[in-house]
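Next come the chains, spelled out residue by residue.
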Amino acid sequence: MSALTFLIVAVIKIAITIGVLLTVVAYTVWLERKAVGRMQNRWGPSRVGPFGLLQPLADGAKFLFKEDVTPPFVDKPLYLLAPVLALVTALTSIAMVPIGPIVHLFGISTPVQITGVVDGAGHASDINVGILVILGLTSLGVYGIALAGWSSNSKYSLLGSLRAAAQMVSYEVSLGLSLIGVLLVSGTLSLRGIVDAQLGRSFGFIPHWNILYHGQFIAFFIYMMAAFAETNRVPFDMPEAETELVAGYHTEYSAMKFAMFFMAEYANMVTVACVATIMFLGGWSGPSLPFLPAAVQAFLPLVWFSCKIFFFLFVYIWIRGTLPRFRYDQLMAFGWKFLFPLALANVIVTAFFVAIRA
Amino acid sequence: MHLFLFLLFAMLCVGGAVNLLIQQKTINSALSLIVVMGSLALIYLLLGAEFVAVIQVIVYAGAIMVLFVFVIMLLNAGAEEYSPGSLVARIVGIPGLLVGSAIAVGVFLRHGQQQLVPIGALYGPADKVGILIFTKYLLAFEVTSVLVLIAIMGAVVLARRSDS
């Protein structure tokens, strides 16, 4: 593949992935409003288009044309930098995510992954520390929220971002530890390698997903709980607890800057769902349906991947409609006294079994 | 290309370090330090040490600097004041800097040439770093972990002192 083709393919892949990601983000908001509405016995958005399907577009237009108020008391450079930082770190993570196997189009083979390439032998390969890059970007994402609260120069914002920073740093430990079990059984840090290790099946139908085949279901639940805290979602949404802090760290933001925080939160949800899918649910692997025509078969991995992502996004919404918010000390105690020891125990037990098998 | 990237990130690193010193607001200094950490990570990446680069981002730019920013936010630290500067620094400072740089450049020119290695020949991937840590540098690794443990215990003791 020449340098020019490589560049063109890369740009096309980036454009498609970011386009799809932003659409998913917009329609997750729609789905959330609709689903939570039905759970609370209301309709949710229903006026703009059929089933309110054009609501995200209307919201986007509204955000663009609203007056962008910059309060006079803010620290202006940091106030402008914070939403950009939050959104950029949230959107960049998707570049590491392997969405599907190699596709062949117009005589060019490339994996469905922005940072993936096909090597000389025809195998797909990607960054060999991919999962760590995602964790690194997540840890940098804290700055967006922390700086938003600090630069707003307002009590509620500062309290919200203090809570967010403490919570994200605390739960990042459990989140990282819960992934170590999977890394131990996979023997690689490359996300594509982790998916490839789960592609097999026992007896022709039981998938070798890490959650069952390698007994990582405890790690899976630790990961999910830590991920809820990392993305500041209910029941861990203390940083933006409306009843206490107005809107938390983005109280002083309006129009598109507020929308950027909003998009960052939902993009982070998608990234977390992608990582959970890759680490625990076998990525794009799924039942093969041999009776379908070959053209449809080629899209099956993407369909399975999308289904798993949809499942996780729905669980997010479901839990938001079900659980009340924790108290802050409960949140910290739960993170450090329950999740952290449990994650450590999981690492030790998994390491023990890996050592026995080796 | 490689040299260009190196110069870019090296300048970013040095610029961040200088900015760290001359900024009056504490939070701006902390952010400059993040820039320094980030550009160091990119220089590691240029050396072919991708694992160390990512760990640099996670640990230093991510965890440690978040705690710095957290403390600055918690104390609501405002602007610092410039001190008039010490007489010793004014007299010895620039000559000392020149002598120090001259010595460093001399050492690198004399001994640096033999050490040039191609990119990727060093210990980039995680498994090689792990093997090195748990075989060749095991003693240093364990001693460091004891040191960290002592630091944690010290912090706990200091935090508990006000209770009793």
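### Concerning the overall build of chain A
Then, number 1: Each helix and strand counted, chain A has 13 helices and 6 strands in total.
Then, number 2: Relative to the 2.2 N^0.38 estimate, which gives 21 Å for 358 residues, the radius of gyration of chain A is 21 Å and therefore close to what a compact globule would have.
Then, number 3: Dimensions along the principal axes, computed over C-alpha positions, put chain A at roughly 60 × 50 × 45 Å.
Then, number 4: Across the 358 residues in chain A, those meeting the buried criterion constitute 46%.

### Regarding the overall build of chain B
Then, number 1: The helix and strand tally for chain B stands at 6 helices and 0 strands.
Then, number 2: When each of the 164 residues of chain B is scored for burial, the buried share is 18%.
Then, number 3: Long-range pairs, those at least 24 residues apart, make up 59% of the contacts in chain B with a sequence separation of at least 6.

### Structural notes on the interface of chain B and chain A
How large an interface is tends to be reported as the accessible area lost when its parts come together.
Then, number 1: Across the contact, 16 residues belong to chain B and 18 residues belong to chain A.
Then, number 2: If you tally residues by element for the side of chain B that touches chain A, the top one is helix α3 (residues 50-75) of chain B, at 13 residues.
Then, number 3: Of the residues assigned to the side of chain B that touches chain A, the class counts are 14 nonpolar, 1 polar and 1 charged.

### Quick word on the confidence of the model for chain A
Then, number 1: Per-residue confidence for chain A averages 84 on the pLDDT scale, and 98% of its residues sit at or above 70.
Then, number 2: The weakest mean pLDDT in chain A belongs to helix α9 (residues 242-245) of chain A at 72; the strongest belongs to helix α13 (residues 328-357) of chain A at 89.

### Structural notes on the pairing of strand β2 (residues 108-112) of chain A
Residues and elements named next belong to chain A.
Then, number 1: With 5 bridges connecting them, strand β1 (residues 100-105) and β2 associate as antiparallel partners. Of the residues in β2, the one forming a bridge with His104 is Ser109.
Then, number 2: In sequence, β1 turns back onto β2 through a hairpin of 2 residues, with Phe106 there showing a positive phi of about 50 degrees.

### Some points on the nonpolar core
All names here are of chain A.
Then, number 1: In this structure, Ala146 and Val270 are the most contacted members of the largest nonpolar core, which totals 116 residues.
Then, number 2: It is helix α10 (residues 255-280) that provides the largest number of residues to this core, a total of 17 residues.
Then, number 3: The residues touching Val270, leaving out its near neighbours within four places in the chain, are Leu21, Val24, Val25 and Ile309.

### Notes on the packing of helix α4 (residues 130-152) of chain A against α3 of chain B
Then, number 1: Contact pair α4 of chain A / α3 of chain B: the axes reach a minimum separation of 9 Å and the direction vectors enclose 20 degrees. Here α4 of chain A is positioned roughly parallel relative to α3 of chain B, judged by the angle of their axes. Both α4 of chain A and α3 of chain B take part in a crossing whose hand is left-handed. Contacts between α4 of chain A and α3 of chain B pair Leu132, Val133, Leu135, Gly136, Ser139, Leu140, Val142, Ala146 and Trp150 of chain A from the former with Val54, Val57, Ile58, Ala61, Gly62, Ala63, Val66, Val69 and Met73 of chain B from the latter.
Then, number 2: For the contact of α4 of chain A with α3 of chain B, the class distribution of residues is 15 nonpolar, 3 polar and no charged.

### What about the domain arrangement of chain B?
All names here are of chain B.
Then, number 1: According to the domain assignment, chain B consists of domain 1 (2-79 + 88-124) and domain 2 (125-164).
Then, number 2: Contacts between the two partners involve 4 residues from domain 1 and, on the opposite side, 5 residues from domain 2.
Then, number 3: For the side of domain 1 that touches domain 2, a count of residues per class yields 3 nonpolar, 1 polar and no charged.

### Here we look at helix α1 (residues 3-39) of chain A
Residues and elements named next belong to chain A.
Then, number 1: Here α1 is 37 residues long and its end C-alpha atoms lie 52 Å apart, about the 54 Å a rise of 1.5 Å per residue gives.
Then, number 2: Those residues of α1 that are buried lie in contact with α2 (55-65), α3 (76-92), α10 and α12 (300-322).
Then, number 3: Trailing α1 by a residue or two, Asn41 shows a phi angle of about 65 degrees, which is positive.

### Observations regarding the environment of Glu240 of chain A
Then, number 1: Turning to its location among the elements, Glu240 of chain A is positioned in the loop between α8 (217-230) and α9.
Then, number 2: Taking the C-alpha atoms as reference points, Glu240 of chain A and Val272 of chain A, separated by 32 residues in sequence, lie 19 Å from one another.

### Overview of the environment of Leu31 of chain A
Residues and elements named next belong to chain A.
Then, number 1: Relative to the helices and strands, Leu31 is located in helix α1.
Then, number 2: A tally of 18 C-beta atoms within 10 Å means that Leu31 is categorised as partly exposed.
Then, number 3: In this structure the C-alpha to C-alpha distance between Leu31 and Val142, which are 111 residues apart in sequence, comes to 26 Å.

The rules behind these values
Residues numbered from 1 in each chain as written. Chains lettered and ligands numbered in written order. Predicted model: local features only at pLDDT ≥ 70, side-chain atom pairs only at ≥ 80, totals over all residues. Helix = DSSP H or I, 4+ residues; strand = E, 2+ residues; numbered from the N terminus. Rg over C-alpha atoms; globule rule 2.2 N^0.38 Å. Buried ≥ 20, exposed ≤ 12 C-beta atoms within 10 Å, placed from the backbone. Contact = placed C-beta atoms within 7 Å. Nonpolar A, V, L, I, M, F, W, Y, C, P; charged D, E, K, R; others polar. pLDDT = per-residue confidence, 0-100. Pairing = 2+ DSSP bridges. Core = buried A, V, L, I, M, F, W, Y, C linked by C-beta atoms within 7 Å. Axes fitted to C-alpha atoms, helices over the stretch in contact; angles between N-to-C directions. Parallel < 35°, antiparallel > 145°, perpendicular 65-115°, else oblique. Left-handed = near helix turned anticlockwise from the far one by under 90°. Domains from an automatic or database assignment. Expected span 1.5 Å × (residues − 1).

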